[in-house]
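Okay, here's what each chain looks like letter by letter:
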Amino acid sequence: MDEIRERLLQLRQAIRHHDHLYYQEASPEITDREYDALYSELKDLERQHPELTTADSPTQRISGTPLSGFVTCLHRIPMLSLDNTYNNADLLRFHESVSRTLRGAPVLYTIEPKIDGVSISVRYENGVFVQALTRGNGKEGDDVSANLKTIASLPLRLMLDNPPAVLEARGEVFMSRLGFARLNEQRQAAGEEPFANARNATAGTLKLLDARLVARRPLEVIFYAQGEIEGLEVNTQQELLQFFRKAGLKTQDWLRTVTDFPGITEALLELRQNKNLFSYDIDGAVIKVDSFVQRQLLGQTARAPSWAKAYKYEPERCETRLKDITVQVGRTGVLTPVAELEAVFLAGSTISRATLHNQDEITRKDIRIGDTVLIEKAGEVIPAVVSVRKEKRPAGSEPFDFVAHLGKRCPSCGGEIIRDPQFVAWRCPNLQCPAQNMRRIEYFAARNALDISSLGSVVAEALLEKGLVQEPLDLFSLTLDQLAALNLGTEDEPRVFGPKNAAKLLAALERTRTMPLASWLQAMGIPEVGSATAYQIGRTHRNLAEVANSAKLRGIVSLMAAQERGLPASAISQAPADSVFGELFSWKKAEAVVSAEDLVFLGLLKPGSRKDGASYYVTTAIGPKTAQAVLDFFAGETGQAWLKKLADLSIDPQGGETAVAAVETASALSGKTFVLTGTLTSMDRESAAAKIRALGGSVAAAVSKNTTYLVAGENTGARKTGKATELGVAVIDEKQFLEMLGEK
Ligand code: IVH
């Protein structure tokens, strides 16, 4: 047995070494054949001795079972974004503000290429890969560990003899230009829709639930920043990058250090001139203060650090011909004109459509069908038409009149359209318009709403077309037979949905019944309500009935109106002296809806700072306009209809206390480190680890003095428990563990 262990260790070490040479150094020492021989020997040995397989073994890169969804986890340290600038004047202001704060002390900047990809935070504990999170909203991101593990150049174990206890390496996942081009070729050959650009392809790939598919995509990862670090001292950006390289984490080759403003502009110019020599897309440069002590002094805002700046290249532009203008109908009936373009290649992708926003925009720029137009693409935004080359305009063209073009009728339902007085937009007011129904159903089923992945747009379209559903809640009256027989193809070439998919969809719908209030609020498509608002409302209300008539929302509306008006002097005199909220606390008496204390307690109200120096000022987690929009929605016809139908279906989504309790348990495990050993009967180790992390805890590979609990499943070796006892670490069994998770 010891011989086998020894050989396994050797093989893993050798494979890691050769992976590093191949992927990082681009200087392999052995042939592919020799490498394959090592790999299959390891695989065979592990197959014969599954108990000796370790999580960081090179064979564990591709998980064989798809996930049912991503677990969202907190970032220990928020993942900030960067403030962007497009010009030197802004950059000079940045440099001046840095110098001012540092009182003229010498400052060293690093200049790095800005990779146009998707940011990621990869966590290593004691040198072993444990988790990869997307940026998400900066506070919490999706656990995409299984997908990141498929990236061959990413070490599953750091190449260090004494790895730090914790290292969160942050960087960018991307596809090289070549990798992306090949991927799109393959897709087109297989009759699949090509990706618009490498960044979209990367983002789409990271969202795949099946790591086996991810493994076939050419993802790469490069690191440039840090999150949580424990057991390691780094003082500068240069040291950090050096440490990353030593640990086997890939960094960029191009780096310049400069000490003054001319130095910055020179480096930026050099980078821009060489930007096409990179094997991947870069969309600018990042200028960072090198010293971490100076970074501390410079601080950060909620969004971005004050010690760094992204310098983005101006969006790229090119000319093409406007073949036609079509009109899209959105979820709320807003009609958006779309430019149908002669396909052109621009900044890494092929463009054949661009948004024209609205009639005013078309009139202002005098955009006509047949025109040669200048289009631009700035990073992630949809391509837009900048201007028209009037000198190239064909004779006889006419100004484009949106309404005349449509014959004042909706292109989807044919009903009359109206001009929305509130916006510059034209709208289709028909709530039964098929295009709107379609968008609403897509919205209802979206991942951030009720997450019905088996209800794709093809299925939704077929259901609408056959008249089986008109609006989201009609989905609940579908039968298995109806769904199974649903034809997704054509009359001539039928393709039925089938009983298996039908059952899956019905199960997904059934699951929505117990989904939290926040998800339902999101799914209903209430004007002004995005996922953050849905979350806040869901957290602070028990159910829809309470939301519909919410004292809290009304409280927010009147409190903020009172603040706008300025509160009466009498209110100020009654203010508790030590309260940060000052006079606003007495506002309860005046408005008698809900007290400011209540709102503070619920986390809906926070002290703010006002530029004009007013001593007391509050901000709310849900804005007054949004609060009013929610109240209006439920008072109106659409909201009332939703409430009635949900009641008929006995769907009563729960929020409030349950949600608040969930938030409380969410941090129940924070600061606790678990080690899992033996076999758990109720779940596999991956899910156990994901659950621990979701509740704020962390998972380590081996017992140490930093371990809080050793979870001993069945067949736990005496060695592990022995070590735990020796170190005074609590050993718990599966039942106790489930209790901690709040599962039993
Ligand atoms: S540093 C706290 N360095 O650009 C700041 N970011 O527009 C950490 N990015 O969210 C970011 N290349 O995803 C940094 N060399 C680089 C980068 C880089 C690309 C991305 C990153 C960030 C975004 C901001």
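In what follows, the structure referred to is the one given above.
Residues numbered from 1 in each chain as written. Predicted model: local features only at pLDDT ≥ 70, side-chain atom pairs only at ≥ 80, totals over all residues. Heavy atoms only, no water.

**Student:** Can you help me understand the pairing of strand β11 (residues 308-312) in this one?
**Tutor:** Along any regular strand the residues' side chains alternate between the sheet's two faces. With 5 of its 5 residues buried, β11 lies for the most part within the structure. In β11, alternate side chains face the same way, and those of Ala308, Ala310 and Lys312 on one face and Lys309 and Tyr311 on the other are all buried. Sheet analysis places strand β2 (residues 84-85) next to β11, joined by 2 bridges and oriented parallel. Bridge pairing in β11 links Asn84 to Ala310. (Buried < 20%, exposed > 50% of the residue type's maximum accessible area, 1.4 Å probe, protein only. Helix = DSSP H or I, 4+ residues; strand = E, 2+ residues; numbered from the N terminus. Pairing = 2+ DSSP bridges.)

**Student:** In this structure, what is going on with the nonpolar core? I would like to understand it.
**Tutor:** Nonpolar side chains in soluble globular proteins tend to be buried together. Counting residues in hydrophobic clusters, the biggest one holds 52 residues, and the most contacted among them are Phe444, Ile452, Leu455, Leu463, Trp520, Leu521 and Phe634. Counting residues in each nonpolar core, the second largest holds 36 residues, with Leu154, Leu156, Leu183 and Phe223 among its members. (Core = buried A, V, L, I, M, F, W, Y, C linked by side-chain atoms within 4.5 Å.)

**Student:** How should empty space enclosed by the protein be read in this particular structure?
**Tutor:** A probe as big as a water molecule, rolled over the atoms, marks out the empty space that is left. On inspection of all chains with the given rule, the structure shows 4 cavities of 30 Å³ or more. Its volume calculated, the largest cavity comes out at about 130 Å³. As for the largest cavity, its lining consists of 15 residues, of which Arg16, Asp19, Arg61, Leu154 and Pro155 are closest to the centre. Its residues placed into classes, the lining of the largest cavity shows 6 nonpolar, 4 polar and 5 charged. The computed volume of the second largest cavity comes to approximately 60 Å³. Lining the second largest cavity, in full, are Leu74, His75, Arg76, Ser121, Arg123, Gln131, Ala132, Leu133 and Glu168. (1 Å grid on protein atoms, 1.4 Å probe; cavity = no way out; pocket = protein on both sides within 12 Å on 5 of 7 lines; lining within 4 Å. Points joined across faces, edges and corners; volume = space filled by probe spheres on them. Nonpolar A, V, L, I, M, F, W, Y, C, P; charged D, E, K, R; others polar.)

**Student:** Teacher, can you tell me more about the site of the ligand here?
**Tutor:** Among the 13 residues in the neighbourhood of the ligand, the closest are listed as Glu112, Lys114, Glu172, Tyr224 and Lys288. In this structure, Ile115 approaches the ligand through a main-chain N or O atom, which is 3.0 Å from a nitrogen atom. For the ligand, the accessible surface in isolation is 530 Å², of which the surrounding protein chains cover 89%. Elements that contribute at least two residues to the shell around the ligand include exactly β3 (109-115) and β10 (282-289). (Near = heavy atom within 4 Å. Polar contact = N/O pair within 3.5 Å; in protein donor to acceptor, adjacent residues only side chain to side chain. Areas by Shrake-Rupley, 256 points an atom, 1.4 Å probe, with all protein chains shown as cover.)

**Student:** Looking at this structure, I do not really get the sheet that holds strand β23 (residues 709-712). What am I missing?
**Tutor:** Sheet strands line up and pair through hydrogen bonds in the backbone, either parallel or antiparallel. Spatially, 4 strands are ordered β22-β21-β23-β24 in an open sheet, and the strand pairing comes out parallel. Taken across any chain shown, the strands that pair with only one partner, and hence form the sheet edges, are β22 (698-700) and β24 (730-732). Each neighbouring strand pair of the sheet contributes to a mean axis angle of 35 degrees, computed without reference to strand direction. As defined by bridge partners, β23 adjoins β24 across 3 bridges and the pair is classed as parallel. Its bridge partner being in β24, Val711 is matched across the sheet by Ile732. Sheet strands touched by helix α28 (residues 718-727): β21 (673-677), β23 and β24. Its angle to β23, the strand with the most contacts, is close to 155 degrees. (Axes fitted to C-alpha atoms, helices over the stretch in contact; angles between N-to-C directions. Contact = heavy atoms within 4.5 Å.)

**Student:** Which parts of the structure should I look at to understand the pattern of salt bridges?
**Tutor:** Overall, the coordinates contain 39 salt bridges when judged by the stated rule. Across the pair Arg303 and Asp83 runs a salt bridge, and its minimum N-O distance is 3.1 Å. Taken together, the residues Arg303 in the loop between α10 (292-298) and β11 and Asp83 in the loop between β1 (72-74) and β2 connect sequence positions 220 residues apart. For Arg303, a relative accessible area of 44% puts it in the partly exposed group. Lys552 serves as the salt-bridge partner of Glu546, at 3.4 Å between the closest nitrogen and oxygen. With relative accessibility at 21%, the residue Glu546 sits in the partly exposed group. When its relative accessible area of 18% is taken as the criterion, Lys552 is described as buried. (Salt bridge = Lys/Arg side-chain N within 4 Å of Asp/Glu carboxyl O.)

**Student:** Please clarify how the layout of surface pockets should be interpreted in this entry.
**Tutor:** When its volume is computed, the second largest pocket comes out at roughly 970 Å³. Among the elements of the structure, α13 (434-445), α24 (624-635) and α25 (637-648) are those that each provide at least two residues to the lining of the second largest pocket. A total of 5 residues in the lining of the second largest pocket trace back to one element, the largest contributor, which is α25. Looking at the lining of the second largest pocket, its residues break down into 11 nonpolar, 8 polar and 10 charged.

**Student:** I keep staring at the sheet that holds strand β5 (residues 128-134) and nothing clicks. Help me out?
**Tutor:** With antiparallel pairing, the 4 strands of this open sheet are ordered in space as β5-β4-β7-β8. Of all the strands in the sheet, the pair left with one neighbour each is β5 and β8 (219-230). Here the strands of the sheet are splayed against their neighbours by 25 degrees on average, with no regard to which way each runs. Pairing analysis gives 8 bridges linking strand β4 (residues 118-125) to strand β7 (residues 166-175), with the strands arranged antiparallel. Bridge assignment links Ile120 to a residue of β7, and that residue is Gly171. Of the strands in this sheet, β4, β7 and β8 are in contact with helix α6 (residues 198-206), which crosses β7 at around 125 degrees.

Geometric values such as these leave the question of function open.
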